[in-house]
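In case you want the letters, here they are:
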Amino acid sequence: MTAQVLEAPHALSAEDYRSEVKPIWCPGCGDFTVLASLVKALVSKQIPPKDTAIISGIGCSSRLPDFISTYSLHVVHGRVLPTALGLKLANPKLTVIAASGDGDGLAIGGNHFIHGARRNPTMMYIMMDNNIYGMTKGQPSPTTAVHLETKASPYGTPDVPVNPAALAILAGATFVARTFSAKTAEMTELFVKALEHPGFAFIQVLSPCVTFHNTFDFYRKATAPGAEGPKDDRLRAIQEALANNGNNLGVFLDVREESFDERMESIRELALRKGPASFEALLKEFR
Amino acid sequence: MLGIGGEAGDGIITLGELFTRGAARDGLHVYTFRTYPAEVRGGLTYFQVRMGRSPILNQGDLCNILVAFSQEAYEYYGPALPDNAKLLYDSDEYTPEGELRAGKLPMPLTSISRTQVGSPRSKNIVALGAMAQLFGLPIDSYEALLKERFGGKSEAALKSNLLALEMGFAHAKEHFKEPIEGGLPTTGSLGDRLILSGNEALVMGALQAGCRFFAGYPITPASDILERMAALLPRWSGTAVQMEDEISAVGAVVGAAFGGTKAMTATSGPGFSLMTEFLGLASMAEIPIVIADIQRAGPSTGMPTKTEQGDLYQAMLSSHGDAPRIVIAPSTVEDCFYETMRAFGMAERYQMPVIILSDQSLGHRVETVPTFDPSRVLVWDRVKPEGLEAGQRYARFRVTPSGISPSSVPGEPHIFSAGGLEHNEYGEPNYEPENHQIMSAKRHRKIETAMQENRSFRLHGDRTAKVGIVGWGSTEGAVREAIARAAAKGLKASAFYSQILNPLPESELRSYLDGLERIIVPEMNYAGQFASILRSRFGREVIRLNKVTGIPFTPAEVFSKIGEVCRG
């Protein structure tokens, strides 16, 4: 949160993104490496902090923007994507990053997840998926395994989990990947690709909650690289995202389709063919 | 005054709109009122237009002519017609029976349309021709309107409509002889006036104020704002989006406003309810947004196409915690333009949500108004921070005497974090007890500053009167006319209408109330929401006048209350 003072241009380093605020996360939380990888990706792309805006929701993961120095807006629970969309459309030159968790993005924000993906606006959405509600101390989330006993599901959760990556592909996202927070180099590489993607880039990061549902050991064993193959086939991408009980890692889908921001630009061009608007011309309509 | 009633699908609204526009173009002042069912087909639809040589303040009391296409419309609206009025009815459909004081004008609308035009569907245009004759308005104006509406689209439709108009005009001339009351004196020109609805004026005010982003979700009676923004904003290099619900609509507006763009959404009561969590965020994170609530009758789904003023409490008080916001209530179509401009200026200046409380009757009624002069309203822009020394930190939420902190926008060098968590001056989350006290005071101080810097209220009637009316929003027109009628009967009354409801003009309103012995508060809600706000703020007892029929106050209703209070 230090102002970028206008000096001779210099290559941006991690120091340029350093925030004064210390993370509130528990030691060992998966979200630490997500933060570090995001900074590395921004440095790698040399995207200035002043041209970057992170929108986040509510929950542990949604506190991420406080710990990095870019523009950021920490909004109400579940509404990350509509807010990020408004910002991107109003200010298309910005690099817009949405960040939240599985509870924020899939339960209260599930509606916006589908519509956010189908519009395909140019932005990266990082979902830090810990399969639990961490900040409220351990209730089941939409990605919690069925029958898991938690404080709010003492006899086992009756809900069957959703597969966020498969859902994003089905809904219309154009870049969809899954990674694991223990794999920092791969994660950074995926973030770089997502930042380069013109359209909606969704990354599910398996990011365990060490306090209420520690799945680090489980994911170390269960995760595996997805099969090699074409990344422009939506059906195949859904199969890959669903395979291995949803524990495959890597890019499932990477296609170039018209983005929402591009469509809005075309609409403006189409509308302007009617001639530029003026207040005087508008008054005439009401005479 | 003309009333037109019939079944949805009879072309009532088209007939009413065409007649009104023609009358306005001939130089008359007009004021319309419409009420219709929420469903697309079936049910009783009614359109009313009041016309005159001087500006019209409200929809009026009684019709001079009622056109009733159906038996149901006759039974519903006929009995209220006074002695000197005329009922024009479709004699192919029914014969009016029962008690009717008005004179009868039978006209075979359906058969004229079927046999002379070739389709029964033109009966509304046949009636239009008859209306032109009966009100003494030149038929050329209506020919010109039909040519504008159908010309270039369908030559066949234009031809049959022109024929229908002519047949209706000729029939009325032959059978009904003289225009009523010698006809209306017209100047033949709209002059320097506009003819438009409240919602249309609101959109123009927004564009003129610099609004370049709109997000919405369809809802009666605010959908026409979404539609018009979708048509216009791209031409103004702006963006209009239809979102998946009202929560995402206001969310997109918050995002766009955070990005530095003047942004708004428009909705009605149910949608506003969904937006209230974001309203609190915009208040906490100090983001300038504008929300227009075109109120309809509630609670819940209520009566979607009927008018009410039931959302005052939720505009003033909704969202959890102490969330300061500005509330503006236009009374007239003109206000819808100027007060919307004011809303954007105040949102940017005080960096908080501004709610425009309009309603169905105001949003959808059409009035002739003097052409708009945007220079009448000052539109502020967000105050920007000054340059920083090397290493100096930017305090986005700096505590200032006015409460206003200079704000940068993304893309500019003064980076900051904002959000719904309580924060210190630097935007960092902070839960220290004193900090919350200081920051709450800072945010609320902006309301005090807004009160010092803004005035928008009107006083009507006799300033020495001991009986006064304090109202808000669209009831003003009926109140003004009622006061004038009271004055003519020797009853002294006055009225105070502030367009800014939060913050109310404390000192002016207090001194106005101090001069009164009895205070009447008319409202289109059941609970007396404004009355209770006035009581708690100013400690005065008030006499409530409440109506929740879905139809605006008539001058007669307000006049009768003034009489009762003056005599009692």
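A. Structural detail: the side chain of B:Thr35. Residues and elements named next belong to chain B. Along the chain, Thr 35 falls in strand β2 (residues 29–35). Take Thr 35: its relative accessible area is 6%, and that puts it in the buried class. Here the side chain of Thr 35 touches Lys 306 through a polar contact of 2.6 Å, side chain to side chain. If we skip the residues at most four places from it in the chain, Thr 35 touches Leu 44, Thr 45, Tyr 46, Tyr 77 and Lys 306.

B. Layout of the pattern of salt bridges. Taken as a whole and assessed by the stated rule, the structure comprises 34 salt bridges over all chains. In this structure, the salt-bridge partner of A:Lys50 is A:Asp51, at a minimum N-O distance of 3.1 Å. Between B:Arg365 and B:Glu367 there is a salt bridge whose closest N-O contact spans 2.8 Å. For B:Arg365, a relative accessible area of 4% gives the class buried. B:Glu367 sits in the buried class, given a relative accessible area of 7%.

C. Up close: helix α2 (residues 80–90) of chain A. Counting buried residues along α2(A), ten of its eleven residues qualify, which places the element largely inside the surrounding structure. Among all positions of α2(A), only A:Val80, A:Leu81, A:Pro82, A:Thr83, A:Ala84, A:Leu85, A:Gly86, A:Leu87, A:Lys88 and A:Leu89 are buried.

D. Geometry of the pairing of strand β8 (residues 248–254) of chain A. Residue and element names in this part refer to chain A. Counting buried positions along β8 gives five out of seven residues, so the element sits mostly inside the fold. Pairing between strand β5 (residues 175–180) and β8: four bridges, direction antiparallel. If you follow Val 176 over to β8, its bridge partner there is Leu 253. Judged from the two bridges that link them, strand β7 (residues 224–225) and β8 form a sheet pairing that is parallel. Bridged to Ala 224 within β8 is Asn 248.

E. Focus on helix α10 (residues 269–284) of chain B. Residue and element names in this part refer to chain B. Over its 16 residues, α10 extends 22 Å from the first C-alpha to the last, a length consistent with the 22 Å expected when each residue adds 1.5 Å. Its maximal kink placed at Thr 276, α10 deviates by approximately 45°. A large share of α10 lies buried, amounting to twelve of its 16 residues. Listed in full, the buried residues belonging to α10 are Gly 269, Gly 271, Phe 272, Met 275, Thr 276, Phe 278, Leu 279, Gly 280, Leu 281, Ala 282, Ser 283 and Met 284.

F. Expanded view of the packing of aromatic side chains. Applying the stated rule across the entire model yields 26 aromatic pairs over all chains. One aromatic cluster is present, formed by A:Tyr71, B:Phe258, B:Tyr394, B:Phe397 and B:Phe416 through successive ring pairs.

G. Inspection of the sheet that holds strand β11 (residues 290–295) of chain B at higher detail. Residues and elements named next belong to chain B. Strand order across the open sheet formed by seven strands is β9-β8-β10-β11-β13-β12-β19, with mixed pairing between neighbours. Across the chains shown, the open sheet's two edge strands, defined by having one partner strand only, are β9 (239–242) and β19 (500–502). Strand after strand, the sheet turns through a mean of 20° between neighbouring axes, direction not considered. For strand β8 (residues 213–216) and strand β10 (residues 263–267), the ladder comprises two bridges, and the chain directions are parallel.

H. Spatial organisation of the interface of chain B and chain A. Taken residue by residue, the interface counts 71 residues in chain B and 53 residues in chain A. Of the roughly 5,000 Å² buried where chain B meets chain A, counting both sides, 64% is carbon and sulfur surface. Between the two partners, chain B and chain A, sit three salt bridges. A salt bridge links A:Glu285 to B:Arg228; its shortest N-O distance comes to 3.6 Å.

I. Up close: the packing of helix α4 (residues 123–134) of chain B against helix α6 (residues 155–176) of chain B. All names here are of chain B. In the contact formed by α4 and α6, the axes pass within 6 Å of each other and the chain directions differ by 45°. By the criterion of interaxial angle, the relationship of α4 to α6 is oblique. By crossing handedness, the relation of α4 to α6 is classed as right-handed. Side by side, α4 and α6 meet where Ile 125, Val 126, Leu 128, Gly 129, Ala 130, Ala 132, Gln 133 and Leu 134 of the first sit next to Asn 161, Ala 164, Leu 165, Gly 168, Phe 169, Ala 172, Lys 173 and Phe 176 of the second. The residue makeup of the contact of α4 with α6, split by class, is eleven nonpolar, four polar and one charged.

J. The arrangement of the side chain of A:Ser153 in detail. Secondary-structure assignment places A:Ser153 in the loop between β4 (123–129) and α5 (164–171). Excluding residues within four positions of it along the chain, A:Ser153 makes contact with A:Pro140 and A:Leu148.

K. Quick look at the sheet that holds β8(A). With respect to topology, nine strands assemble into an open sheet ordered β7(A)-β8(A)-β5(A)-β6(A)-β4(A)-β3(A)-β1(A)-β2(A)-β15(B), the strand pairing being mixed. For this open sheet the edge positions go to β7 of chain A together with β15 (417–419) of chain B, each flanked by a neighbour on one side alone. Two strands pair when backbone bridges link them, and strand β1 (residues 52–56) of chain A and strand β2 (residues 71–74) of chain A are joined in this way by four bridges, in the parallel orientation. For A:Ala53, the partnering residue across the bridge sits in β2(A) and is A:Tyr71. The strands that helix α6 (residues 184–196) of chain A touches are β3 (95–101), β4, β5, β6 (200–206) and β8 of chain A; relative to β5(A), the one it contacts most, it runs at about 165°.

L. Summary view of unusual backbone geometry. The residue after B:Thr220, namely B:Pro221, is reached through a cis peptide bond having omega 0°. By the secondary structure assignment, B:Pro221 is in the loop between β8 and α8 (223–232). Across the junction of B:Asn502 and B:Pro503, the peptide omega takes the value 0°, indicating a cis bond. Note that B:Pro503 resides in the loop between β19 and α16 (506–514). With phi around 60°, A:Asn120 is a residue other than glycine that occupies positive phi space. Relative to the elements of secondary structure, A:Asn120 occurs in the loop between α4 (110–119) and β4. Here B:Glu286, not a glycine, exhibits a phi torsion of approximately 55°, which is positive. Assignment of secondary structure puts B:Glu286 in the loop between α10 and β11. Looking at B:Glu286, the relative accessible area reads 2%, which means it is buried.

M. Up close: the confidence of the model for chain B. Per-chain confidence: chain B averages 95 in pLDDT, with 99% of residues scoring 70 or above. The ipTM assigned to the predicted complex is 0.97, against a pTM of 0.96.

N. Looking closely at the environment of A:Phe200. Residues and elements named next belong to chain A. Considering the arrangement of structural elements, one finds Phe 200 in strand β6. Phe 200 sits in the buried class, given a relative accessible area of 0%. Put simply, Phe 200 and Lys 93 are 107 residues apart on the chain and 15 Å apart in space, counted from C-alpha to C-alpha. In contact with Phe 200, not counting residues within four places along its chain, are Leu 81, Gly 116, Ala 117, Asn 120, Pro 121, Met 123, Tyr 125, Ala 173, Thr 174 and Phe 175.

O. Inspection of the state of the cysteines at higher detail. This model, assessed by the stated rule, comprises zero disulfides over all chains. With no disulfide of its own, B:Cys211 lies closest to B:Cys336 among cysteine sulfurs, the gap being 15 Å.

P. Quick peek at the environment of B:Gln59. Residue and element names in this part refer to chain B. Here Gln 59 shows up in the loop between β3 (44–52) and β4 (65–68). Residues Gln 59 and Gln 48, eleven residues apart in the sequence, show an inter-C-alpha distance of 7.6 Å. Beyond its immediate sequence surroundings of up to four residues, Gln 59 is in contact with Met 1, Tyr 31, Phe 33, Gln 48, Arg 50, Pro 552, Phe 553 and Thr 554. In terms of polar contacts, Gln 59 uses its side chain to reach the backbone carbonyl oxygen of Phe 553, at 3.2 Å.

Cut-offs applied
Residues numbered from 1 in each chain as written. Chains lettered and ligands numbered in written order. Predicted model: local features only at pLDDT ≥ 70, side-chain atom pairs only at ≥ 80, totals over all residues. Heavy atoms only, no water. Helix = DSSP H or I, 4+ residues; strand = E, 2+ residues; numbered from the N terminus. Buried < 20%, exposed > 50% of the residue type's maximum accessible area, 1.4 Å probe, protein only. Polar contact = N/O pair within 3.5 Å; in protein donor to acceptor, adjacent residues only side chain to side chain. Contact = heavy atoms within 4.5 Å. Salt bridge = Lys/Arg side-chain N within 4 Å of Asp/Glu carboxyl O. Pairing = 2+ DSSP bridges. Expected span 1.5 Å × (residues − 1). Bend = angle between axes of the 7 residues up to and from the residue. Phe/Tyr/Trp six-rings, centres within 6.5 Å; stacked < 30°, edge-to-face > 60°. Axes fitted to C-alpha atoms, helices over the stretch in contact; angles between N-to-C directions. Buried area = accessible area lost by both parts, 1.4 Å probe. Parallel < 35°, antiparallel > 145°, perpendicular 65-115°, else oblique. Left-handed = near helix turned anticlockwise from the far one by under 90°. Nonpolar A, V, L, I, M, F, W, Y, C, P; charged D, E, K, R; others polar. pLDDT = per-residue confidence, 0-100. Disulfide = S-S within 2.5 Å.

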